[in-house]
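Listed below are the residues making up each chain.
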Amino acid sequence: MAMHSIKVMVNGTEHQATVESRLLLVHFLREDLRLTGTHIGCDTTHCGACTVLLDGQPVKSCTVLAVQADGRQVATVEGLEKDGKLDPIQEGFMQEHGLQCGYCTPGMMMTSSALLEKNKNPSETEIREAISGNLCRCTGYVNIVKAVQYAAGKLR
Amino acid sequence: MQPKTTPEVSGMGHSMKRKEDPRFIRGKGNYVDDIQLPGMLYMAIVRSPYAHAKIKSIKTDKALKIPGVLAVITGETLAKYNLHWMPTLMSDTQMVLPTEKVMYQSQEVAAVIATSRYLAADGVEAVEVDYEPLPVLVDPFKAIAPGAPVLRTDKKDKKDNRIFHWEVGDRTATDKAFADADVVVKQDMYIPRIHVASIETCGCIADFDRVNGKLTVYMTTQAPHAIRTVFALVAGHVGLSEERIRIVSPDIGGGFGGKVPVYPGYVIATAASVVIGKPVKWIEHRMENLQADSFARDYHIHVELAAKKDGTMVALRSKTLADHGYADAAANPSKFPAGLFSICTGSYDLKSAFAEVDGVYTNKPPGGIAYRCSFRVTEAVHLIERITDRLAQELKMDPAQLRLKNFIPPEKFPYKSALGWEYDSGNYAGALKLAMERIGYTALRKEQAEKRAKGELMGIGISSFTEIVGAGPSKHFDILGIKMFDSCEIRIHPTGKAIARFGTKSQGQGHETTYAQIIAEELGIPAAHVQVEEGDTDTAPYGLGTYASRSTPTAGAAGAIAARKIRDKAKKIAAYLLEVSPEDLVWETGKFSVKGSPGRAKTIQEIAFAAYTNHPPGMEAGLEAVDYYDPPNLTFPFGSYICVVDIDRGTGAVKIRRFVAVDDCGNIINPMIVDGQIHGGLTMGMAPALLEEISYDENGNVQGGSFMDYLLPTAMETPKWETDKTVTPSPHHPFGAKGVGESATVGAPPAIVNAVVDALSHLGVTHIDIPMTPEKVWRLLKEKGVAE
Amino acid sequence: MIPAAFDYHAPKTLAEAVALLREFKDSAKVLSGGQSLLPLLKLRLGQAGHLVDIGRIPGLEYIKEEGGMLRIGGRTREAALERSEVIRQRYPILLDTAQVIADPVVRNMATVGGNLAHGDPGNDHPATMIALGAQVVATGPSGERVIPIDSFFVGLFTTSLKPDEIVTEIRIPVPPARSGGAYVKLERKVGDYATAAAAAQVTLAASGAIERVGLALTNVGPTPVRAAAAEKLLTGKKPDAAALAEAGKAVAQACSPTEDRRGKQDYKREMARVLAQRALKKAVQRAGGN
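Described in the following lines is the structure provided in the data block. (Residues numbered from 1 in each chain as written. Chains lettered and ligands numbered in written order. Predicted model: local features only at pLDDT ≥ 70, side-chain atom pairs only at ≥ 80, totals over all residues. Heavy atoms only, no water.)

Some thoughts on the overall build of chain C
- The number of helices and strands found in chain C is 10 helices and 14 strands.
- For 290 residues, the compact-globule estimate of 2.2 N^0.38 gives 19 Å, and chain C sits close to it at 19 Å.
- Along the three orthogonal principal directions, the C-alpha set of chain C runs to about 55 × 45 × 30 Å.
- Considering only contacts in chain C between residues 6 or more positions apart, those separated by 24 or more positions represent 62%.
- If you sum the accessible surface of chain C, you get close to 10,700 Å²; carbon and sulfur atoms cover 52% of it. (Helix = DSSP H or I, 4+ residues; strand = E, 2+ residues; numbered from the N terminus. Rg over C-alpha atoms; globule rule 2.2 N^0.38 Å. Contact = heavy atoms within 4.5 Å. Areas by Shrake-Rupley, 256 points an atom, 1.4 Å probe, with all protein chains shown as cover.)

Structure, rendered in structure tokens:
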């Protein structure tokens, strides 16, 4: 069972670690780096609670190996706030009551922030499509859509 | 309702942004799996592939050879401490770990303790269990039939698989009313098993401190105090004493009733920690969650409704078979084995009714109550709203008109139902008429007629439900003997800020905000200055937790009463400071002023400071109060939902085109939060109606045991919910509020079923069981000759 | 949730990758997007002693028209298909297909090559590639091998790829004028496998009759199913309602679906029929027909 030395840039900080081949990226983030904002909600790659950005693209970190992230950039929810200033997506979720228990929220926000990077004015349908890989049990999605629309408005 | 306080104070009626959000949006929530303790070990559970089997042997040597695997706990281990069985919340018993046989697929068989999560998983694969399969009994009708093999062989003298027989109402009078009626409609309906599937699964960290003899358990629980007391009772004989047990419920990623029961995993992890002396973490995988922990529903209902030919309902009777799995581990109040099912007369002025429910054991996971059901109210409302539409169909009456004809009118409240509940207040016609207006009911019926002529299938369905929440008055409500009051303790600091602790536990309902708003309303202290805490049994006053929409009716009330006690003391302090008698003072939000001399006043902040620096002689210093609130009655929120569906004749797929939900939960604390609860509740009402089901084949193999087949709706399947409100305050609640968290999950499913049946009623379709999968609907279309 | 232990290799060249596959034989698996393989390993349903990650090898992700073919690199992400202007304009059937694979987040990792190589009849690209008459280019120790799509899918989770071969390119003949294609999938929710799905690619003659048609189905047999009899019935005919209905019946007969929670066999057959008719109708529309 080989161990591998990896260097991963997480939220702009480089981390070096020696990890098992089978270590999932989500566990590397949560347990090794103690970035517990990324959550685990299923075992079949459905729920999206583990969504992070890998080189700017949302991926389900439970279905990526830590070794696959060697030499790459990972962005997690902890990196959204910059210098004490909330990201518009974070503001949007708070202003529009886009979260209740908060468990799906980091994944939702990472997916949404990537959407807004490439689509500055998404329609309701485009937002719903973009977050269709992220499950929420609490909100019924209505306010999540509003949160993303709020953030889009702020970014324009 | 216009708020009485300023936005700065943010009392009732303000859509205040949530105080809990800052940590969640930063990914700084503190969920159980986020917590790491020094020396912590990990536990993973070996589970049975068989639904019913003898355990011939458990070999642990391969597992123990894995470096890092420290122990394998089996039923034999726990039997030494008499912990291998435990009581359920319904006073039945269930296994923690088996010593003889397993009774459902995925049952816990052994637990591996290891130094890492990954090694614990490897350990589980390496444990070798030798099973001898036994005949499986999954059909509840077969299980209750005379001569069925007895499943609970652990119960001495048990000769059958019956759990309980419960009945309510006047059978004789009801049968007579049926005999005399012009019209009787009958329907069988099956409400299948479903699972809450909160995005966070269940889990705990049990941490037994050997030096201080104290057990701390961080747990995904909606009811921390009840858990503590159960642990003290169950494990008292091994030295765990209630003052040295601390249950901490930190941030919880959704509960919905699925985080109320005591799961075997919690007990095993605790036993492991006590024995090993290190913290032990156990976090369920999703498949374990779906396959082993508390399910909901599984009711086989037969219902009959009798009426006059003009549509006046006269009587209702029903007989239900409740499949509880191998143990009754539901979390009902103890006198109600079928929960509050007797609300099944619904919003209608039924003169007589009778309902009976029989519980039965089968080879399935134990449980019964969960999934936002308000203690079986989902089942009851499904029953009455479906049979009402059946009656409308039979009489060829518009379902809205039939409902309006039969609603309990406002002047009859408080209303004593035929099955014994006293409904506090209601305005059913008001809600339905508003819903009809919002959705454009008349135009939709016109459109439906036009579409029908062209062979297009469009349906409109109504559900006008009455909910029953806020358990409950001590006269009738207890869980394992503990009465269902709830509590609040408020302490005002010298600088006029406050801390308030409650016996409930939010899992996303926003208590840190809404409870602060209640106190702000009563005392005029800005909600932003009221720190709300829940969930730590070492500090919070005793409560029964948050589920069944009970928090605002009970703990919220306690908060208001405790605040009023503080206001009473504050008045005396103000009188002292102003040198008047208390009767000379008037209160307006945040201050006492002298009658006729409004310039002479003391703010609550000044009074708070004085409570510590200049309190009246003979009076205790400080400014705090506790209230344990015993509600005089339950509260009865209600609503009318209208759903419009279009059916694809080629595939049978049902699309919800529009859904209007008009809810009435009395006076509203935070409209934004209430709407959020409705949106989420509607989604959890749609899901069982169209997508979700857990079922078993004849060998007891679970179907729908992972997210591959247990289908949670995404943003694409979920329609854009439209909501509105009427406000009919509860006359007995301190601030006129009712619970609301589950209304939408209770009210929505029958609206959707009624819509689909309505779309097909001209073809002679009268009922469809949920989930209304495309295949199920397609088969009806085929049968009726209209499939594309 | 947690895979059994395995060794991991990240070769920098194709040759290295192939050599590793050769060395470890049946114990080695290619890691492309990982969105089919890793879920299997996490549930401990699949076995792999060695993962050979082709993610570090340059030159495997591209979408380009060249030499009369649309060429898609084997490691091209589904999300790249969705973003591609070429695909959107000239191969909307591929956009239809990519858009319904799993969910948008999974599609950032999932690859076209992986979707084919996994041999899962529930995957969406196989039927589309059959309808398009594609070729799969496999690179192994002896270099490149071009496999016609009709020889690629052999059985349940079995393709004609050898254990030491990697899918490096998919080639699709550039369709002639008056061509159009569509992929229509019935799924219970976003992220589900197809209850049934149909891929239709047609070329119309000047008269409006069907000159060429490729019609294939997803998840109604142990492999993706080419509805050959239906194709024959349609060739040379005007694609009117009667022709589509006749073809639909043949489609239903071509299926051998398994009963599961998505439906019993008769329902799935009927859905294949309905969806094939819908896909054909859309393909004809896109080809400039009615």
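That was the structure; now back to the text.
Considerations on the pattern of salt bridges
- Enumeration according to the criterion identifies 99 salt bridges over all chains in this entry.
- Across the salt bridge formed by arginine 501 of chain B and glutamate 489 of chain B, the nearest N and O atoms sit 4.0 Å from each other. Of this pair, arginine 501 of chain B sits in strand 26 (residues 498–502) while glutamate 489 of chain B is found in strand 25 (residues 486–492), placing the two residues 12 residues apart along the sequence.
- Classification of arginine 501 of chain B as buried rests on a relative accessible area of 16%.
- The residue arginine 71 of chain C makes a salt bridge to glutamate 66 of chain C at a minimum N-O spacing of 3.9 Å.
- On the basis of relative accessible area, glutamate 66 of chain C is assigned to the partly exposed category, the value being 40%. (Salt bridge = Lys/Arg side-chain N within 4 Å of Asp/Glu carboxyl O. Buried < 20%, exposed > 50% of the residue type's maximum accessible area, 1.4 Å probe, protein only.)

Description of the packing of helix 10 (residues 377–395) of chain B against helix 18 (residues 743–760) of chain B
All names here are of chain B.
- Relative to each other, helix 10 and helix 18 sit at 30 degrees, their axes nearing to 8 Å. As the angle between them shows, helix 10 and helix 18 are arranged roughly parallel. In the packing of helix 10 onto helix 18, the handedness of the crossing is right-handed. For the pair formed by helix 10 and helix 18, the contact residues are Val377, Thr378, Val381, His382, Glu385, Arg386, Asp389 and Gln393 on the first element and Thr745, Val746, Pro749, Pro750, Val753, Asn754 and Val757 on the second. (Axes fitted to C-alpha atoms, helices over the stretch in contact; angles between N-to-C directions. Parallel < 35°, antiparallel > 145°, perpendicular 65-115°, else oblique. Left-handed = near helix turned anticlockwise from the far one by under 90°.)

Re helix 2 (residues 88–95) of chain A
- Of all 8 residues in helix 2 of chain A, 7 are buried; the element is thus mostly enclosed.
- Its buried side turned inward, helix 2 of chain A meets helix 3 (105–118) and helix 5 (142–155) of chain A together with helix 1 (21–24) of chain B.
- Capping the start of helix 2 of chain A, aspartate 87 of chain A holds a side-chain oxygen 2.8 Å from the backbone nitrogen of isoleucine 89 of chain A, two or three residues further along.
- At the C-terminal side of helix 2 of chain A, histidine 97 of chain A shows a positive phi close to 55 degrees. (Polar contact = N/O pair within 3.5 Å; in protein donor to acceptor, adjacent residues only side chain to side chain.)

What about a nonpolar patch on the surface?
Residue and element names in this part refer to chain B.
- On the surface, a nonpolar cluster with roughly 230 Å² of combined accessible area is contributed by Tyr81, Val238 and Val275.
- Mapped onto the elements, valine 238 comes out in the loop between helix 7 (224–235) and strand 13 (245–248).
- A relative accessible area of 33% places valine 238 in the partly exposed class. (Patch = residues over 30% accessible without salt bridge, like charges linked within 9 Å, V, L, I, M, F, W, Y side chains within 5 Å.)

Brief notes about the interface of chain C and chain B
- If you look at the interface, chain C gives 21 residues, while chain B gives 28 residues.
- Overall, the association of chain C and chain B removes approximately 2,200 Å² of surface from exposure, summing both partners, and the carbon and sulfur fraction of that is 57%.
- Our count for the chain C to chain B interface comes out at 5 salt bridges.
- Ionic pairing is found between arginine 188 of chain C and aspartate 709 of chain B, a salt bridge with its closest N-O pair at 2.9 Å.
- On the surface where chain C and chain B come into contact, there are 15 residue pairs in polar contact (both at pLDDT 80 or more).
- Grouping the amino acids of the side of chain C that touches chain B by side-chain chemistry returns 9 nonpolar, 1 polar and 11 charged. (Buried area = accessible area lost by both parts, 1.4 Å probe. Nonpolar A, V, L, I, M, F, W, Y, C, P; charged D, E, K, R; others polar.)

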